[in-house]
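# Notes for the structure review
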Amino acid sequence: MINIKNKFSVIGIMSGTSIDGLDVAYVQYYQTNKKWHFKLLKADTFSYDQELKKNFIQAYKKEISISSLDKKFGHIISDFITIFIKRHDLSVDLIASHGHTIFHDPQKGNTTQIGSGSIISQRLGIPVVCNFRQQDVDLGGQGAPLVPIGDKLLFSEYDACLNLGGIANISYDQKKSRLAYDICPCNILLNYIVNRLGKDFDSEGGIASKGIVDFNLLETLNKVDYYHSPFPKSLGMEYIDSFFLPIVSQVPISVPDLLATVSEHIAIQLTNVFENLEFNNILVTGGGAFNTNLITRIKEHSSVSLLFPSRDIICFKEAVVFGFLGVLRILQQNNCLASATGAKKDHSSGDVYLV
């Protein structure tokens, strides 16, 4: 059971589309004068081995059992958390796990995150909240983005919150509603390209900075139908596989030129969003915040003030927010916003496994 109180010590878990590792954050959440606050006390990233990365791809291609991988990943998450708790000597009230998304096609009512919450709870003897997206999809929503409630309640001092992860997404208040959506592919596309050189990512955008933009390719990318779709909307690997990867795969240009062109594309799509809204400042987090070339291109196109928090917040903000979603779920308070996902109503989502 969970003791309902004013302060919660929570482990938030996030595995992103870039498949680089599991982000684990130990966070305290508390309220003063009905306003939520948080303290990020400890955070680590646990890298995935090549076998697990391969398993994620095989599962997406339906080459292996989703159920078996769900259980396997639940054990892996449990092992990582055990190491994390022992390393930092922590007392934990709750674990909130996003898991890892294998399928996300809300138009077909389909979203699947693996990493069995039941196994995690049983092995660690700690309550777990997981599977945050499915209920939203069942209510007619996109099941994404889920971070906006955290942006609204934990990062309210910023006009907007921009995450440059595998997919670039944004959230902001407009007419008393929190709007949020995926803007464009980001690291997932850049990493896909640089993998041709045997690298996991383009450090600081160094390779991209040496490339030359291919304007024909740039024009093709900018014409992808997704950019003309109305809100709410979200991007999954299914869409990226079908529409973006074929475009960058069929152009006979060098890796630096591809990276330069895709970086320019990302910067343009972000700027298209910024220019239509009145932002004085934007909080920037996610791995793309360290991509010096990409940030330079964004600043070249836009005059908006980009604000960069501490390295820990840049890297672990999503884990922090999913920890918070877990707290709201235990308190039976709304953690999914219909204004962001398109669901029939705001709601409190997540499967709860009590000890």
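My aim in this report is to walk through the structure given alongside it, one point at a time. All values reported here derive from a predicted model rather than from experimental measurement.

On a plain count of helices and strands, the protein chain comes out with twelve helices and twelve strands. A compact globule built from 355 residues would reach a C-alpha radius of gyration of about 20 Å, and the protein chain, at 20 Å, matches this within 12%. Projected onto its principal axes, the C-alpha coordinates of the protein chain cover approximately 60 × 45 × 40 Å. Looking at the 355 residues of the protein chain, the share that counts as buried comes to 57%. Intrachain contacts of the protein chain at a sequence separation of at least 6 include 69% that bridge at least 24 residues. Entry remark: accessible area of the protein chain is about 15600 Å², with carbon and sulfur atoms responsible for 47%. Counting 33 positive and 35 negative side-chain charges, the protein chain places the averaged centre of each group 5 Å from the other.

Within the structure shown, the criterion is met by nine salt bridges. For D105, the salt bridge identified is with K108, shortest N-O distance 3.9 Å. A residue is classified by how much of its surface remains accessible, and K108, at 69% relative accessible area, is exposed. Two residues, E219 and K223, come together in a salt bridge whose shortest N-O distance is 3.2 Å. By relative accessible area, E219 is classed as partly exposed at 43%. The network of salt bridges with common partners includes K152, D173 and R178.

With that settled, the discussion passes to the packing of helix 7 (residues 215-222) against helix 8 (residues 237-249). In contact at an axis separation of 11 Å, helix 7 and helix 8 are set at 170° when each is read in the N-to-C sense. Judged on the interaxial angle alone, helix 8 and helix 7 are roughly antiparallel. On the side of helix 7, the interface is formed by L217, T220 and L221, while helix 8 contributes F244, I247 and V248. Within the contact of helix 7 with helix 8, the residues separate by chemical class into five nonpolar, one polar and no charged.

On to unusual backbone geometry. Here A144 and P145 are connected by a cis peptide whose omega angle stands at -10°. With respect to the helices, strands and loops of the structure, P145 is situated in the loop between helix 4 (134-138) and helix 5 (148-154). With an omega of -5°, the peptide bond between F231 and P232 qualifies as cis. On the secondary structure map, P232 appears in the loop between helix 7 and helix 8.

To continue, consider the sheet that holds strand 9 (residues 177-185). Read across the sheet, five strands follow the order 9-8-7-10-11 without closing on themselves; strand pairing throughout is mixed. The sheet is open, and its two edges are formed by strand 9 and strand 11 (305-307), each paired on a single side. In this sheet, neighbouring strand axes are inclined to one another by 25° on average, regardless of whether the strands run parallel or antiparallel. In this fold helix 9 (residues 255-275) packs onto strand 7 (160-164), strand 8 (167-174), strand 9 and strand 10 (281-285), with an angle of close to 160° to the strand it touches most, strand 9. On the sheet, helix 11 (residues 311-330) packs against strand 7 and strand 10 and is oriented at approximately 80° with respect to strand 10.

When you line up the elements, S349 lands in the loop between helix 12 (338-341) and strand 12 (351-353). Accessibility expressed as a relative area gives 0% for S349, which makes it buried. A distance of 2.7 Å separates a polar side-chain atom of S349 from the backbone oxygen of F132.

Residues L164, I170 and F274 are the most contacted members of the largest nonpolar core, which totals 51 residues. Per-element accounting of this core gives the leading share, nine residues, to helix 9. Setting aside its immediate chain neighbours within four residues, L164 contacts C186, N187, L270, V284, T285, G286, G287, G288, A289, L294, I295 and I298. Core analysis: the second largest hydrophobic core is formed by 37 residues, V10, M14, V320 and A340 among them.

What follows concerns the packing of aromatic side chains. Under the criterion given, the structure shown has 17 aromatic pairs. Members of the aromatic cluster, each reached through a chain of ring pairs, are Y226, Y227, Y239, F243 and F244. Cation over ring: R311 sits above F290, and NZ or CZ is 4.5 Å from the ring centre. The ring of F155 carries K317 above its face, with NZ or CZ at 5.3 Å from the centroid.

This next bit is on the packing of helix 6 (residues 187-194) against helix 9. Two quantities define a packed helix pair, namely the angle between the axes and the distance from one axis to the other. Between helix 6 and helix 9, the least distance of the axes is 10 Å, while the angle of their chain directions is 175°. Taken together, helix 6 and helix 9 sit at an angle that is classed as roughly antiparallel. Seen from helix 6, the contacting residues are L189, L190, I193 and V194; seen from helix 9, they are V255, L258, L259, V262, S263 and I266. Considered class by class, the residues forming the contact of helix 6 with helix 9 number nine nonpolar, one polar and no charged.

Rules behind the numbers
Residues numbered from 1 in each chain as written. Predicted model: local features only at pLDDT ≥ 70, side-chain atom pairs only at ≥ 80, totals over all residues. Heavy atoms only, no water. Helix = DSSP H or I, 4+ residues; strand = E, 2+ residues; numbered from the N terminus. Rg over C-alpha atoms; globule rule 2.2 N^0.38 Å. Buried < 20%, exposed > 50% of the residue type's maximum accessible area, 1.4 Å probe, protein only. Contact = heavy atoms within 4.5 Å. Areas by Shrake-Rupley, 256 points an atom, 1.4 Å probe, with all protein chains shown as cover. Lys, Arg positive; Asp, Glu negative; His and termini not counted. Charge placed at Lys NZ, Arg CZ, Asp CG, Glu CD. Salt bridge = Lys/Arg side-chain N within 4 Å of Asp/Glu carboxyl O. Axes fitted to C-alpha atoms, helices over the stretch in contact; angles between N-to-C directions. Parallel < 35°, antiparallel > 145°, perpendicular 65-115°, else oblique. Nonpolar A, V, L, I, M, F, W, Y, C, P; charged D, E, K, R; others polar. Pairing = 2+ DSSP bridges. Polar contact = N/O pair within 3.5 Å; in protein donor to acceptor, adjacent residues only side chain to side chain. Core = buried A, V, L, I, M, F, W, Y, C linked by side-chain atoms within 4.5 Å. Phe/Tyr/Trp six-rings, centres within 6.5 Å; stacked < 30°, edge-to-face > 60°. Lys NZ or Arg CZ within 6 Å of the ring centre and 35° of its normal.

Without other data, these values stay purely geometric and don't point to any function.
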